[in-house]
Amino acid sequence: MSTDPKQAEAAAAVEEMMERDGRKMYGLALKLCRNQAEAEDLVQDTFLQAYRKWDQFEGRSEPTSWLYTIASRLCRRRQRPRSGEPRHLESLHELLPVGESMIPEVPAAGDSPLDEHLRKEAREQVERALAALPVHHRLPLVLKDIAELSVAQVAEVLDIKPATVKTRVHRARLALRRSLAEVLPKTASEPPDHPQRVCLDLLHAKQEALDRGAAFPVAPEELCMRCQSLLSTLDLTHEVCSELNLDRLPEELRQSILEGLES
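Residues numbered from 1 in each chain as written. Predicted model: local features only at pLDDT ≥ 70, side-chain atom pairs only at ≥ 80, totals over all residues. Heavy atoms only, no water.

Draft legend 1. Molecular detail of the overall build of the protein. Each helix and strand counted, the protein has 11 helices and two strands in total. In the protein, the succession of helices and strands from N to C terminus is α-α-α-α-β-α-α-α-α-β-α-α-α. Seen along its three principal axes, the alpha-carbon backbone of the protein occupies a region of about 75 × 40 × 35 Å. Taken across its 263 residues, the protein has 45% of its residues classed as buried. Long-range contacts, defined here as pairs at least 24 residues apart, represent 80% of the contacts in the protein between residues at least 6 apart. Approximately 13,900 Å² of the protein is accessible, and the part contributed by carbon and sulfur atoms is 49%. Separation of charge centres in the protein, based on 36 positive and 44 negative side chains, amounts to 6 Å. (Helix = DSSP H or I, 4+ residues; strand = E, 2+ residues; numbered from the N terminus. Buried < 20%, exposed > 50% of the residue type's maximum accessible area, 1.4 Å probe, protein only. Contact = heavy atoms within 4.5 Å. Areas by Shrake-Rupley, 256 points an atom, 1.4 Å probe, with all protein chains shown as cover. Lys, Arg positive; Asp, Glu negative; His and termini not counted. Charge placed at Lys NZ, Arg CZ, Asp CG, Glu CD.)

Now the structure itself:
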């Protein structure tokens, strides 16, 4: 450990952040990187860069947000589109199930072995779809729905406008929802008896409620079958994302970071 008081202070502060936020940082990295080795490198580089740049941290934001800012910048510099990887998401209209005659059914929460199997398959499908998102959509979605930052915090971390955060998160959620719908059982549905604009307004209200962590103000029985299916699959997608932040910081990685601080 350095005998320089400022370096010792920085090392102690970053070690405290690692003990408090290391699990979240590792969970974030696993969703941003292509494999576990890349994720561990990103976490270690994030904490060591926080140590090297400790004198630049002015305390105007939360330490965790500052760590996410460092990790996000490192991630964007490291990641290059792979061959065949999409650079952009489809438009909002293309991501919606417009004109489809069959709608997905959401399995109950563990009511039967079949439901448990379907929800497990749904989780795996969402994880695959998340990894396939373009990084400029994956980053805000991971920060918002997995790291559970507010829209304002995500905007600060990524240095973009809150409106841009919402646009990217909303489209990313719909992309994951569409992928999720592919593995769920389907049922036939009649066309809605109201204008499509009503469905779009309900969808927008649902996305805003998810952004705020608030309850959706419309009861399911007041929705048409298509809107019920769309919003319930969006709920399941969001639920799966929330469950992805359950990783633990590996002890070997923790020790490697501590050795880096000491050296």
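Draft legend 2. Broad picture of the pattern of salt bridges. Per the counting criterion, the structure on display carries 12 salt bridges. For R254, the salt bridge is made with E19, and the minimal N-O distance between the two is 2.7 Å. Taken together, the residues span a long stretch of sequence, with R254 in helix α11 (residues 251-262) and E19 in helix α1 (residues 5-32) at a distance of 235 residues. Residue classification places R254 among the partly exposed residues on the basis of a relative accessible area of 21%. One salt bridge in this structure joins E251 and R254, with 3.2 Å as the shortest N-O distance. Of this pair, E251 and R254 both sit in helix α11, separated by three residues, roughly a single helical turn. (Salt bridge = Lys/Arg side-chain N within 4 Å of Asp/Glu carboxyl O.)

Draft legend 3. Seen up close, the packing of helix α5 (residues 113-132) against helix α10 (residues 225-243). It is the contact of α5 with α10, at a shortest axis distance of 10 Å, that shows an interaxial angle of 75°. Viewed along their axes, α5 and α10 adopt a mutual orientation that is roughly perpendicular. Residues R119, A122, R123 and V126 of α5 touch α10, and the partners they reach there are L236, E239, V240, C241 and E243. In the contact of α5 with α10, the residues fall into five nonpolar, no polar and four charged. (Axes fitted to C-alpha atoms, helices over the stretch in contact; angles between N-to-C directions. Parallel < 35°, antiparallel > 145°, perpendicular 65-115°, else oblique. Nonpolar A, V, L, I, M, F, W, Y, C, P; charged D, E, K, R; others polar.)

Draft legend 4. Inspection of a positive patch on the surface at higher detail. Among the surface-exposed residues, R52, K53, R73, R76 and R77 lie close enough to one another that they form a single positively charged patch. Of all the elements, helix α3 (residues 63-78) adds the most residues to the positive patch, at three residues. (Patch = residues over 30% accessible without salt bridge, like charges linked within 9 Å, V, L, I, M, F, W, Y side chains within 5 Å.)

Draft legend 5. Layout of the environment of A8. Note that A8 resides in helix α1. Its relative accessible area of 26% is what places A8 among the partly exposed residues. As a C-alpha pair, A8 and V142 span 134 residues in sequence and 33 Å in three-dimensional space.

Draft legend 6. Local environment of unusual backbone geometry. At E148, a residue that is not glycine, the phi angle is positive and equals roughly 65°. Tracing the backbone shows E148 in the loop between α6 (135-146) and α7 (151-158). Overall, E148 belongs to the exposed group, its relative accessible area being 55%. Even without a glycine there, the phi angle at D159 is positive, about 60°. Take D159: it is sitting in the loop between α7 and α8 (162-181).

Draft legend 7. Quick look at the packing of aromatic side chains. In total, this model carries one aromatic pair according to the counting rule given. Note on W54 and W66: the rings are 5.9 Å apart at their centroids and 65° apart in plane angle, and the pair reads as edge-to-face. Linking W54 in the loop between α2 (36-52) and α3 with W66 in helix α3, this pair joins segments that are 12 residues apart in sequence. We classify W54 as buried; its relative accessible area is 19%. Taking the relative accessible area as the measure of exposure, W66 reaches 13% and is therefore buried. (Phe/Tyr/Trp six-rings, centres within 6.5 Å; stacked < 30°, edge-to-face > 60°.)

Draft legend 8. How the structure looks around helix α9 (residues 196-212). Between its terminal C-alpha atoms α9 stretches 25 Å, which fits the 24 Å expected from 17 residues at 1.5 Å a residue. Here α9 has its buried residues at C199, L202, L203, K206, Q207, E208, A209, L210 and D211. Looking at the buried residues of α9, the elements they touch are α6, α7, α8 and α10. Looking one or two places after α9, you find G213, whose phi comes out positive at around 70°. (Expected span 1.5 Å × (residues − 1).)

Geometric descriptors of this kind do not, in isolation, establish any biological role.
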